[in-house]
Amino acid sequence: MSKNTKRLPENLRFGPLFDEEEVEMVCEVVRSGRLTQFSSSLVAEFEDAFAAYVGAPAGIAVNSGTAALHTALAAAGIGPGDEVIVPAFTFIGTVGPILQQQAIPVFTDIEPQRFCISVEDAARKITPKTKAILAVDMFGHPADLDPLRELAAQHNLIFIEDACQAHGAKYKGVRVGNLADVTCFSFYESKNMTTGEGGMITTGDERLAKLCRMIRHQGEENWGIIRRLGFNYRMQALQAALGLVQLRKLDMFNEMRRERAAIYTEALSDLGLQLPGESPKVWSVFHVYSFLLPRPLAERRDEIVERLKEERVPVGIAYPRPLYASPVFAHLEGPFDCPVTEDVCSRVITLPTLQSIPVETAKTIGEITRDVLSEYMK
Ligand SMILES: Cc1ncc(COP(=O)(O)O)c(C=O)c1O
C-alpha cells in the first residue's frame, strides 16, 4: 500500500474529451447521408482549417498517421534501396511505412534530454544512398528542426517531420506544420485532438501536395486517369466532422496537457528522476509525460511499474526497446550504435496527460507515483 491516503478508482480509463458539439456534428453527417470525401465538403473544410492552423499552404487528410507518413514517403519518391534516417526511439508507425516502400531505415540515436533525433548522429549516418531525414516530435516536443532542415538541404535530402504527437507544438514560436518539407499528424483516439482514427499531411510544396492527394486516392489524377499506384487512404466525413470541432478546442486541450504535466513535475521534482522539460526553442504539447529512473534502478523498472499498477496508476512504458530490436527489422545489419536510445528504453516510465483526466485525479496520480517511487529512491 502507498503511504498516500488517496486511492485511484479501479479500471481507470481516460478517453477523448467530447461534448454535445461533436455529437451534433457527427449526427448531422449521419442524417445527411454524405459520408465520404467525395460526397461531403467536410473533409476539404477540415483540411483547410487544419492547414491554416499550422500555417501551411496545403493539408491532405488521410485515415491514419501511418497513412500520412506512407503517402508522404511515396510522394517524395522514396523507393527500393533508398536510405531514410529515422530515430530508433519511436512508434512503429513512423518506420513501418519506410519498409512498405522497400526502403531502408537507418536507425539513428536520440538526444538524452528530450528524446528527439540527434542531429550529430543523423549527420554521421548520411551515405550516398540517403534520400530523406524523418524526424519525430517525441511526446509533443518538436525535434531540433532548424539544424535538421539545414542538414537535409546540404545533402539534398527531403525532410519529413512526424508530428503525430505534436499538434499545435511550437518551434521558435512557430507551430509545426510548415517547418519541414512535409509534416504528418495522427488523430488517433489518445492524441491531443482526435477523429478516432485519422491523419493529416501538411506541406508548402505544391508538387508534393498534388502527389499526396493522388496517392491517397488510388493514384488517380483525373476521373479514369490513373497516373501511378496509390492507396485508399481517404478520410471519412464523420472523422472530418469530429476534427473540425476538436481543432477549435486544440489550444485549450494543449494547455490542459501542459497543466497535467506540470502537476506531475511538481509531485516528482525532488526525487532525483530525470523529468521532461522543454528546450528553450520549444513549446511542447506534452502528449505524454515521460521520466527516467536513475540508472541503478533500471533493472527494477518492471517491478516499479507493477507496483504503480497495483496502486491503479495508469502507467506505461514508451518505448520499452529500440525499434531495431523487433523481429521485423531482423534483415537489417547492425550494429546500430544508438547508446542513448538503449539507455532511455531501459529507464523510461510514462504517465498520461489526457485532457479527460480531471485535475484532482492528476494530482492523485502524481502523489501516489511519488510515494511509490520514494520507496525505491531511498
Ligand atoms: C510518433 C508516431 N508516429 C506515427 C504514429 C502513427 O499514427 P496512427 O496510429 O494514426 O497510424 C503515431 C501514433 O500513435 C505516433 O505516435
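Residues numbered from 1 in each chain as written. Predicted model: local features only at pLDDT ≥ 70, side-chain atom pairs only at ≥ 80, totals over all residues. Heavy atoms only, no water.

A.B. asks: Residue-level account of the overall build of the protein chain, with values.
C.D. replies: Scanning the protein chain for helices and strands turns up 11 helices and 14 strands. For the protein chain, whose C-alpha radius of gyration is 21 Å, the value lies close to the compact-globule estimate of 21 Å for 378 residues. A buried classification covers 58% of the 378 residues belonging to the protein chain. Residue pairs at least 24 apart in sequence account for 72% of intrachain contacts in the protein chain once pairs closer than 6 positions are excluded. Here the protein chain carries 40 positive and 49 negative side-chain charges, and the mean point of each set is 1 Å from the other. (Helix = DSSP H or I, 4+ residues; strand = E, 2+ residues; numbered from the N terminus. Rg over C-alpha atoms; globule rule 2.2 N^0.38 Å. Buried < 20%, exposed > 50% of the residue type's maximum accessible area, 1.4 Å probe, protein only. Contact = heavy atoms within 4.5 Å. Lys, Arg positive; Asp, Glu negative; His and termini not counted. Charge placed at Lys NZ, Arg CZ, Asp CG, Glu CD.)

A.B. asks: Residues and numbers for the site of the ligand, please.
C.D. replies: Residues in close proximity to the ligand total 15 residues, the closest being Gly65, Thr66, Asp162, Ser186 and Lys191. In this structure, Thr66 approaches the ligand through a side-chain N or O atom, which is 2.5 Å from an oxygen atom. With respect to the ligand, the side chain of Lys191 contributes an N or O atom lying 2.6 Å from an oxygen atom. Relative to its unbound accessible surface of 390 Å², the ligand loses 91% to contact with the protein. A per-element tally of the shell around the ligand places helix α3 (residues 65-75) first, with three residues. Grouping the constituent residues of the shell around the ligand by class yields four nonpolar, nine polar and two charged. (Near = heavy atom within 4 Å. Polar contact = N/O pair within 3.5 Å; in protein donor to acceptor, adjacent residues only side chain to side chain. Areas by Shrake-Rupley, 256 points an atom, 1.4 Å probe, with all protein chains shown as cover. Nonpolar A, V, L, I, M, F, W, Y, C, P; charged D, E, K, R; others polar.)

A.B. asks: Before we move on, can you summarise the packing of α3 against helix α4 (residues 92-100) with the specific residues and values?
C.D. replies: Following both chains from N to C, one finds α3 and α4 inclined at 40°, their axes separated by 8 Å at the closest point. On the basis of the axis angle, α3 is oblique to α4. Here α3 and α4 pass one another in a crossing that is right-handed. Between α3, through Thr66, Leu69, His70 and Leu73, and α4, the contact on the second element is made entirely by Gly93, Thr94, Pro97, Ile98 and Gln100. Classifying every residue of the contact of α3 with α4 by side-chain character gives four nonpolar, five polar and no charged. (Axes fitted to C-alpha atoms, helices over the stretch in contact; angles between N-to-C directions. Parallel < 35°, antiparallel > 145°, perpendicular 65-115°, else oblique. Left-handed = near helix turned anticlockwise from the far one by under 90°.)

A.B. asks: Tell me what's going on with the sheet that holds strand β9 (residues 199-203), and back it up with residues and numbers.
C.D. replies: Read from one edge of the open sheet, seven strands run β1-β9-β8-β5-β4-β2-β3, paired in mixed fashion. Every interior strand has two partners, whereas the edge strands, β1 (58-62) and β3 (104-108), have only one. Ignoring which end each strand starts from, the neighbouring axes of this sheet average 20° apart. With five bridges connecting them, β1 and β9 associate as antiparallel partners. Pairing of Gly59 across the sheet is with Thr202, part of β9. Seen against the sheet, helix α6 (residues 145-154) touches β4 (130-136) and β5 (158-162) and runs at an angle of roughly 150° to β5. (Pairing = 2+ DSSP bridges.)

A.B. asks: An account of helix α10 (residues 339-347) is requested, with residue identities and associated values reported.
C.D. replies: If you check which residues of α10 are buried, you get Thr341, Asp343, Val344, Cys345 and Arg347. Looking at the packing, one finds that the buried side of α10 touches β3, β13 (288-292), α9 (301-310) and β14 (348-352).

A.B. asks: Break down the environment of Asp371 for me, with residues and values.
C.D. replies: Considering the arrangement of structural elements, one finds Asp371 in helix α11 (residues 359-376). Asp371 gets classed as buried once you look at its relative accessible area, which sits at 7%. On a C-alpha basis, the gap between Asp371 and Lys191 in space is 28 Å, while along the polypeptide they are 180 residues apart.

A.B. asks: Tell me about the nonpolar core, residues and numbers included.
C.D. replies: Ranked by internal contacts, the top residues of the largest apolar core, which has 60 residues, are Phe46, Phe50 and Phe89. Listing elements by their share of this core, those giving two or more residues are α1 (20-32), α2 (42-54), α5 (119-124), β4, α6, α8 (237-268), β13 and α10. Residue contributions to this core peak at seven residues, all from α8. Taken together, domain 1 (20-244) and domain 2 (250-376) each give at least three residues to this core, which thus spans both. For Phe50, the contacting residues outside a window of four places in its chain are His167, Phe185, Phe187, Met193, Met200, Thr202 and Leu247. Counting residues in each nonpolar core, the second largest holds 38 residues, with Val84, Ala103, Leu323 and Tyr324 among its members. (Core = buried A, V, L, I, M, F, W, Y, C linked by side-chain atoms within 4.5 Å. Domains from an automatic or database assignment.)

A.B. asks: Report on the domain arrangement of the protein chain, specifying residues and quantitative values.
C.D. replies: What the domain assignment lists for the protein chain is domain 1 (20-244) and domain 2 (250-376). Placing a centre on the C-alpha atoms of domain 1 and another on those of domain 2 gives a separation of 25 Å. Tallying the contact residues gives 41 residues for domain 1 and 39 residues for domain 2. When domain 1 packs against domain 2, close to 3,300 Å² is buried across both sides, 62% of that on carbon and sulfur atoms. It is Phe107, Phe139 and Asn192 in domain 1 that bury the most area against domain 2; as a group they hold 21% of the surface buried on that side. A salt bridge links Asp144 to Lys281, with the nearest nitrogen and oxygen atoms 2.9 Å apart. (Buried area = accessible area lost by both parts, 1.4 Å probe. Salt bridge = Lys/Arg side-chain N within 4 Å of Asp/Glu carboxyl O.)

A.B. asks: Before we move on, can you summarise unusual backbone geometry with the specific residues and values?
C.D. replies: Glycine aside, the phi torsion of most residues is negative, and most peptide linkages are trans. A cis amide bond links Ala318 with the next residue in sequence, Tyr319, at an omega value of 5°. Looking at where Tyr319 falls in the secondary structure, it is placed in the loop between α9 and α10. For the peptide bond that leads from Gly334 to Pro335, omega is -5°, which places it in the cis range. When you line up the elements, Pro335 lands in the loop between α9 and α10. The phi dihedral of Gln218 is positive, around 65°, even though this residue is not glycine. As for its position among the elements, Gln218 is in the loop between α7 (206-216) and β10 (220-222). For Gln218, a relative accessible area of 39% gives the class partly exposed. The phi dihedral of Phe286 falls on the positive side, at around 40°, and the residue is not glycine. Topologically, Phe286 is positioned in the loop between β12 (282-283) and β13.

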